[in-house]
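# Observations on chain architecture
Now for the letters of each chain:
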Amino acid sequence: MGAAARYLTWAGTGLAALGASTAAYNLLTLRTLPRGVAGVIEPVTVCVPARDEAERLPALIADLRAQTGVPRLHVLILDDASTDGTYDAALAAIAGDERFTVLRSAAHPAPGWTGKAAACARLAARTDAAALVFVDADVRLAPHAVAAAVTELRRRGAGLVSAWPIQEAGSTTERLVQPLLAWSWASTLPVGPANHSLRPSTAVACGQFLAVDAEAYRAAGGHAAVAASATEDLDLARSMRRAGHRTALVTAGPAASTRMYTGPAELTDGYTRWLWSAYGGRRDTGTVIGILAALAYWIPPLAALLGRGRTRRAGILGYLAAVTSRLTARTIETRRPPTPSDLASALAHPVAVAHYLSLWTRSHHRHQTGRLRWKQRPLVAPDEAIARRA
């Protein structure tokens, strides 16, 4: 191989090694929700938006009924125009527990709103609790989860704490792609310093399990400030930072887990729904990120296979660094040693990156042609929302 190939291989290996080093730093420094908490005395309202979640919602309700350390807990559930019996399933699972209230809506979101943001805003408007916890219907919670999340929120004096759940996977495609969510920030962002920053660009949040200070939430505009966002969780954290409130990412560890998508088709539709908004929604920025990803995660393994001498050794080093960064990110997320399945998916990391980039391309194309939908609803793009409000 020529000099250009050697330089590209070493550059890619350097990027992969940097990612592995960043992941190692986060493994050593990132906090996990505490297991032993004294309890939370203040009123806490858990908000659960649910659309077509009849199968998954009852398990979450059972988990919420089993919460400990939150004596003033109230749970609000919104059946958001479901078509599958979500409302009846919720009532059956609640079994008369007076801490639960189920709201029902037959209306679709107002112009300029996504369904998730509209549902969360409506739930938040129904409570005057000092702390709000937003939980998706497909999340499973340990008995200490809510108390631990609110305790972490107050300990940090933050406006928002995102407790990153363990991302479970069933199919081969899920095992290939889902770990990229945690890897994407664990290998690129030193989370400790980012948690102490007010820079919106360094915010990380996952709307599957969020604890927020109600006053800070409303001062930042709540979900109305991110009404049209395809990634309302991340933009909510950014909105809070702009309003002067710190946000923090921690790992939930054994406190929370979720299977975000079930099967390849749902995963493809799910990522297509929002991936266009990554990197500020800019195609040029995304293209640069794609080039860097190819440099770091395709060229070294190709050099390991096809190169000779030092180039081949550099390629092997780069490939091992990429695998290490992915396994480290998975350990950060799960707080347990990698499983054989984790190792197998990490070894296929170049394929995972390629699949991710194909999903990003698909999402941009669907967005540009106005064909983005989720759960039988069209999505509202930010520029469309502005036009409608003008």
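These numbers come from a predicted model, not from an experiment.

### Some points on helix α14 (residues 309-334)
Compared with the 38 Å implied by 1.5 Å per residue over 26 residues, the 38 Å span of α14 between its first and last C-alpha is a close match. Once α14 finishes, arginine 335 follows within two positions and takes phi at roughly 60 degrees, a positive value.

### Overview of empty space enclosed by the protein
Tallying each qualifying case throughout the model produces three cavities of 30 Å³ or more. Taken as a whole, the largest cavity spans an internal volume of roughly 40 Å³. Lining the largest cavity are Lys116, Cys120, Phe134, Asp136, Gly207, Leu210, His223, Glu232, Asp233 and Leu236. Mapped by element, the contributors of at least two residues to the lining of the largest cavity are α4 (115-125) and α10 (232-242). Grouping the amino acids of the lining of the largest cavity by side-chain chemistry returns four nonpolar, two polar and four charged.

### Overview of the pattern of salt bridges
Taken as a whole and assessed by the stated rule, the structure comprises 16 salt bridges. Two residues, glutamate 53 and arginine 56, come together in a salt bridge whose shortest N-O distance is 3.1 Å. Owing to a relative accessible area of 7%, glutamate 53 belongs among the buried residues under this scheme. For arginine 56, a relative accessible area of 26% puts it in the partly exposed group. Salt-bridge contacts for aspartate 136 lead to lysine 116; the nearest nitrogen and oxygen are separated by 3.1 Å.

### Thoughts on the sheet that holds strand β10 (residues 256-258)
One open sheet holds the three strands; their spatial order is β5-β10-β7, and the pairing between them is mixed. Only two strands of the sheet have a single neighbouring strand rather than two, namely β5 (139-141) and β7 (166-167). Looking at chain direction, β7 and β10 are connected through two bridges and run parallel. Across the sheet, the residue bridging to isoleucine 166 is serine 257, located in β10.

### A closer look at the sheet that holds strand β6 (residues 160-164)
Strand pairing in a sheet is mediated by backbone hydrogen bonds. Such pairs are either parallel or antiparallel. Strands sit in the order β3-β2-β1-β4-β8-β6-β9 across an open sheet of seven strands; the sheet is mixed. With partners counted over all chains shown, the strands left at the sheet margins are β3 (100-105) and β9 (247-251), one partner each. Across this sheet, the average inter-strand angle for adjacent strands is 20 degrees, counted without regard to direction. Pairing of strand β1 (residues 44-50) with strand β2 (residues 73-80) involves seven bridges; the strand directions are parallel. Note that in β2 the partner of valine 48 across the bridge is isoleucine 77.

### Section: the pairing of β2
The element β2 is largely enclosed, with a buried count of seven among its eight residues. In this fold, β1 hands off to helix α2 (residues 57-65), which returns the chain to β2; that crossover is right-handed. The pairing of β2 with β3 spans six bridges and is parallel. Within β3, the position partnered with aspartate 79 by the bridge is arginine 104. One crossover worth recording links β2 to the parallel β3 by way of helix α3 (residues 86-94), and it is right-handed.

### So, the pairing of β6
Among the five residues in β6, five count as buried, and that is most of the element. Of the two faces of β6, the one lined by Leu160, Ser162 and Trp164 and the one lined by Val161 and Ala163 are each fully buried. Inspection of the sheet shows β6 paired to strand β8 (residues 209-213) by three bridges, in the antiparallel sense. Counterpart to valine 161 in the pairing with β8 is alanine 211. Of the pairings in the sheet, the one linking β6 to β9 comprises five bridges and is parallel in character. Note on β9: the bridge partner recorded for leucine 160 is threonine 247.

### Let's talk about the state of the cysteines
Under the defined criterion, the tally for this structure stands at zero disulfides. The cysteine cysteine 47 is free of any disulfide, with cysteine 120 supplying the nearest cysteine sulfur at 7.4 Å.

### Some points on the packing of helix α1 (residues 3-29) against helix α13 (residues 299-306)
Between α1 and α13, the shortest axis-to-axis distance is 8 Å and the interhelical angle comes to 130 degrees. Between α1 and α13, the interaxial angle falls into the category oblique. Seen from above, α1 lies across α13 with left-handed handedness. Listed contacts from α13 to Leu8, Thr9, Gly12 and Thr13 of α1 are Ile299, Pro300 and Ala303. Of the residues contributing to the contact of α1 with α13, the split by class is four nonpolar, three polar and no charged.

### A word on the nonpolar core
Leu141 and Phe209 are the most contacted members of the largest nonpolar core, which has 42 residues in total. The dominant element in this core, judged by the number of residues it contributes, is helix α5 (residues 145-156), at seven residues. Of all hydrophobic cores here, the second largest spans 41 residues; its members include Trp183, Trp185, Ala186 and Ala322.

### Notes on the confidence of the model for the protein chain
Looking at the protein chain, the pLDDT average stands at 92 and 95% of residues meet or exceed 70. In this model residues 381-390 is a low-confidence stretch, pLDDT under 50, and it forms 15 contacts with partners more than four residues away in sequence or in other chains.

Parameters at a glance
Residues numbered from 1 in each chain as written. Predicted model: local features only at pLDDT ≥ 70, side-chain atom pairs only at ≥ 80, totals over all residues. Heavy atoms only, no water. Helix = DSSP H or I, 4+ residues; strand = E, 2+ residues; numbered from the N terminus. Expected span 1.5 Å × (residues − 1). 1 Å grid on protein atoms, 1.4 Å probe; cavity = no way out; pocket = protein on both sides within 12 Å on 5 of 7 lines; lining within 4 Å. Points joined across faces, edges and corners; volume = space filled by probe spheres on them. Nonpolar A, V, L, I, M, F, W, Y, C, P; charged D, E, K, R; others polar. Salt bridge = Lys/Arg side-chain N within 4 Å of Asp/Glu carboxyl O. Buried < 20%, exposed > 50% of the residue type's maximum accessible area, 1.4 Å probe, protein only. Pairing = 2+ DSSP bridges. Axes fitted to C-alpha atoms, helices over the stretch in contact; angles between N-to-C directions. Right-handed = clockwise from strand over helix to strand, strands pointing away. Disulfide = S-S within 2.5 Å. Parallel < 35°, antiparallel > 145°, perpendicular 65-115°, else oblique. Left-handed = near helix turned anticlockwise from the far one by under 90°. Contact = heavy atoms within 4.5 Å. Core = buried A, V, L, I, M, F, W, Y, C linked by side-chain atoms within 4.5 Å. pLDDT = per-residue confidence, 0-100.

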